[in-house]
Amino acid sequence: MQTILRADSLFKKYGNTIAVDYISFDIFRGEIFGFLGPNGAGKTTTIKMMSSLLKPDGGSVVINSGNHRTSVGICPQNIVIWENLTCIEQLVFMGNMYNMTTSVSKSKALELLESLGLIDVKDRLAKNLSGGMQRRLNIALALIHSPEILFLDEPQAGLDPQSRVLVRDYIRSIKSQTTIVLTTHDMEEAEKLSDRICIIDNGKLLVTGNPTEIKKTSGYDDVVELDVEGDIANTFIPFIDPDLTLRMVITDSRVAFSVRDPISAASGILEVVKQRDLKVSNMRLRKTSLEDIFISLTGRKIRE
Amino acid sequence: MKILYSFIKTLIENLRDWKILILVVVFAPFFVYLMYAYIGSPQSSRYTVAVINNDKSGTYSSELIYEWENLATDDSIALLRIQIVTDSVTGKKLIKNKNADLLVTIPVDFSESLTRYISGKGDQISPLSSYGDQANVRFMVAASFVDYITYGFIGQKTNIIVPFNIDYEYAGRGKSLSEFDLYIPALLVLSVIMILFSAGASIVREFEKETIIRLSLSNLTSFQFLTALTLNQIIIGLICILLTFLAAFSVGYTTTGSVPLLILVGTLTCFSVIGISIITACFIDTMFGLLTLGCFPFFILMFFSDCFIPLPKVNLFNIIGNQVFLNDLLPTATATRAFNKIMNYNSGISDISFEIIWILAISSLYFFIGVWLFKRRFKN
């Protein structure tokens, strides 16, 4: 795997708050790199440093290509478009700004508009597009100059299911030409799209790797979930075998156990239910998801 | 080429954001009509004199009133409007309501006393009495005119010749200047000051919508962006000047000032306002902020540039015999003076060379500060 971007001991501080705390990672050419973390984890700051929009206080970012700025494309979380220009006008303008001739820029713009389902509204002012269309135009603007690395910050936020599928398929289709760094809160989406992911929290890198590998390294492949009435926490905590569960997550009346051996774990849990005479309305056994890992690493505390 | 593309893009955006453009373009022409309505036509900067003619003893009072009515400039523009009133209550009411500038009462025996004096039978002519608001400058001017004519009239009738004369030499283009004429240069500068909003909007829009990120990541430099913006706004500024001129011409204003000089000073003024706009825009994040906080520099430029309120001149220093006043730190103040010299006094380039150099120097200073601030924001 050829490294296209190397972040080395990146550090950034705002006043007394450390936003990014000496994180290092490599991004390989042609991969989709999922960049995950709760709100305020430091994702956007890291992306800004990687795309040279923000100067790090420490560390470095090296891109194995020419001009740092022009070899990256950025699709910010906010919709960043020129409202008083039509779709085609702004794409051609941005192409011109990247030294593309108007004809080349126009042909690339039409290709992007076609791929992202915007060709029918190419001459419509951006401010008159629907929210979903504006998001897709936001992506197109990041791609007009065929960047080597594309930073997609929450690209699917606010999209309807049809548009999500379209955007997801499009992201996959350009993977061979463009390395993609994707930030999202949608774990399912990240799992489906990403070749590798990294999870950061409080500015620290927690884990990096292939989603399947990350799930495997946790050692807990399965989750037993129960919908129970009563004081769940006090009921179960004394009975939990530390070797049996990685963690116990309680959400309202639902309790989820990450387990190594789902069959024996389920019978142990049912034994507790029987002893305590608890009313269980539902019991499920499922595979550990990326979200389970994410929650286990970052905790359940709501962030600002 | 990027300057051209950026220029076209900004121009399209300005045209489509027509509400701000209309505000910018029609503001000063609107003020031209407003001033015209307030001050009156350019030919009628006349002072109203209310007259109570109590004289029943002869026709000298009527002759005197006729002389007042005929007081005119060299180009035959009457200076006094005579309004005959019957009693002092009505006359004083006119003064208090500012419907007249001066009230003159001619006594009952004015003609009789003058006749007696002329024939050597009397040694005193019954005096006229005046009434007016001393705080009103127009009262002082009207009273001076009336005094001047009256003393001349009495001198002529009594053959008393004052052995003294004042020779007047007139500045300007040989025609009288009305108050309205004097406001037009200031209104031209006001029209240019308005581009503070359109120029500011072109920058603030990029910050507010964060499209500046896209421009910053591209190969576009701050210099290219600001050059395109400046060219754009100079065009808008010159259109503003043209429309203001057309509005002034439509209500009778005339000038024989040099058009190339007007364009030169207009362009330099645009350049200076754009510099100030860039500085302003670098401290503002939203269009709302521009239209609220942006009014602060707008009012400073408007009020301290001699546009409407004549300010006391505080001399800072002299350069080669030219005084530099405190408000000359605003290039628009110097521009008002330059426009006035060109339009109302037919001044040529040699007469306003100092103003041109000063506007250029001070505008460049503002512009470079603006560029420096913008660069800091553009690449961060």
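If you're wondering where the values come from, they're calculated on a predicted model, not measured in any experiment.

Parameters and conventions
- By convention here, each chain's residues receive numbers from 1 onward along its written sequence.
- The naming scheme follows written order: chains are lettered A onward, ligands numbered 1 onward.
- Totals for whole chains, interfaces and linings use every residue, but because this is a predicted model, local features are given only for residues with pLDDT of at least 70 and side-chain atom pairs only at 80 or more, for both listing and counting.
- Note on conventions: DSSP H or I runs of at least 4 residues are helices, E runs of at least 2 residues are strands, and numbering of each starts at the N terminus.
- Counts of 20 or more other C-beta atoms within 10 Å of a residue's own C-beta define buried residues, counts of 12 or fewer define exposed ones, and intermediate counts define partly exposed ones; C-beta atoms are placed from the backbone.
- Two residues qualify as being in contact provided that their C-beta atoms, derived from the backbone, are within 7 Å of each other.
- How far each domain reaches was decided by an automatic or database domain assignment.
- For our purposes the nonpolar core covers buried Ala, Val, Leu, Ile, Met, Phe, Trp, Tyr and Cys residues that link as a set through C-beta atoms within 7 Å.
- Orientation is described by axes fitted as lines to C-alpha atoms, over the contacting stretch for helices, and by angles from 0 to 180 degrees between their N-to-C directions.
- For this classification, under 35 degrees means roughly parallel, over 145 means roughly antiparallel, 65 to 115 means roughly perpendicular, and everything else is oblique.
- Note on convention: the crossing is left-handed when the near helix lies turned anticlockwise from the far helix by less than a right angle, right-handed when the turn is clockwise.
- Note that Gly is not counted as nonpolar here; it falls among the polar residues with everything else outside the nonpolar set of Ala, Val, Leu, Ile, Met, Phe, Trp, Tyr, Cys and Pro and the charged set of Asp, Glu, Lys and Arg.
- The directions from the helix axis to the C-beta atoms are what the arc is built from.
- pLDDT expresses, on a scale from 0 to 100, how confident the predictor is about each individual residue.
- In short, DSSP must find at least two bridges between two strands for them to pair.

Caption draft 1: The overall build of chain B, seen in detail. From N to C terminus, chain B includes 15 helices and 6 strands. The principal-axis extents of the C-alpha atoms in chain B amount to approximately 100 × 45 × 35 Å. In chain B, which comprises 380 residues, the proportion classed as buried is 41%. Taking as baseline every contact in chain B between residues at least 6 positions apart, the subset at least 24 positions apart corresponds to 82%.

Caption draft 2: Seen up close, the overall build of chain A. Counting its regular elements, chain A contains 10 helices and 13 strands. Scored against the burial criterion, the 304 residues of chain A give a buried share of 41%. When contacts within chain A are restricted to residue pairs at least 6 apart in sequence, those whose partners lie at least 24 apart make up 72%.

Caption draft 3: Fine view of the domain arrangement of chain B. In terms of domain boundaries, chain B breaks down into domain 1 (2–40 + 176–378) and domain 2 (47–158). The centre of domain 1 of chain B, based on its C-alpha atoms, is set 47 Å off from the matching centre of domain 2 of chain B.

Caption draft 4: Geometry of the nonpolar core. Residues Ala-140 of chain A together with Ile-195 of chain B are the most contacted members of the largest nonpolar core, which totals 142 residues. Other than its neighbours up to four places away in sequence, Ile-195 of chain B contacts Val-24, Gln-233, Ile-236, Gly-237, Cys-240, Cys-270, Val-273 and Ile-274 of chain B. If you look at the next biggest cluster of nonpolar residues, it comprises 21 residues, including Ala-50, Leu-102, Phe-110 and Val-146 of chain B.

Caption draft 5: Representation of the interface of chain B and chain A. The interface is formed by 17 residues belonging to chain B together with 19 residues belonging to chain A. Those elements giving two or more residues to the side of chain B that touches chain A turn out to be helix H1 (2–16) and helix H9 (211–217) of chain B. Here the element with the most residues in the side of chain B that touches chain A is H1 of chain B; it accounts for 6 residues.

Caption draft 6: Region of interest: the packing of H1 of chain B against helix H10 (residues 222–250) of chain B. Residue and element names in this part refer to chain B. At a closest axis distance of 8 Å, the pairing of H1 and H10 adopts a crossing angle of 45°. Taken together, H1 and H10 sit at an angle that is classed as oblique. Between H1 and H10 lies a crossing of right-handed hand. On H10, the residues touching Lys-2, Ile-3, Ser-6, Phe-7, Thr-10, Leu-11 and Asn-14 of H1 are Gln-224, Phe-225, Thr-227, Ala-228, Leu-229, Leu-231, Asn-232 and Ile-236. Partitioned by chemical class, the residues of the contact of H1 with H10 number 8 nonpolar, 6 polar and 1 charged.

Caption draft 7: Spatial organisation of helix H5 (residues 110–118) of chain B. All names here are of chain B. Taken as a whole, H5 has its buried residues at Phe-110, Ser-111, Ser-113 and Leu-114. Burial along H5 is one-sided: seen end-on, the buried residues are contained in an arc of 165°. On its buried side, H5 packs onto helix H3 (60–69), strand S3 (102–106) and helix H6 (137–158). Following H5 by one or two positions, Gly-120 has its phi on the positive side, about 80°.

Caption draft 8: A look at the confidence of the model for chain A. With 90% of its residues at a pLDDT of at least 70, chain A reaches an overall mean of 84. Helix H8 (residues 232–236) of chain A is the least confidently modelled element of chain A, averaging 64 in pLDDT, while helix H2 (residues 87–97) of chain A averages 95, the highest of any element.

Caption draft 9: Local environment of the environment of Trp-18 of chain B. In this structure, Trp-18 of chain B sits in helix H2 (residues 18–39). Along the primary structure Trp-18 of chain B and Asp-133 of chain B are separated by 115 residues, whereas in three dimensions their C-alpha atoms are 47 Å apart.

Caption draft 10: Here's a closer look at the sheet that holds strand S2 (residues 17–28) of chain A. All names here are of chain A. Strand order in the open sheet formed by 3 strands is S2-S1-S4, and the pairing between neighbours is antiparallel. Of all strands in the sheet, those with a lone pairing partner are S2 and strand S4 (58–63), marking the two edges. Each strand of the sheet is rotated relative to its neighbour by a mean of 15°, with strand direction disregarded. Relative to S4, strand S1 (residues 3–14) runs antiparallel, the two sharing 5 bridges.

Caption draft 11: Fine view of unusual backbone geometry. The phi dihedral of Ser-52 of chain A falls on the positive side, at around 70°, and the residue is not glycine. Of note, Ser-52 of chain A is situated in the loop between helix H1 (43–50) and S4. Despite not being glycine, Asn-346 of chain B shows a phi value in the positive range, around 55°. With respect to the helices, strands and loops of the structure, Asn-346 of chain B is situated in the loop between helix H14 (331–345) and helix H15 (353–378).

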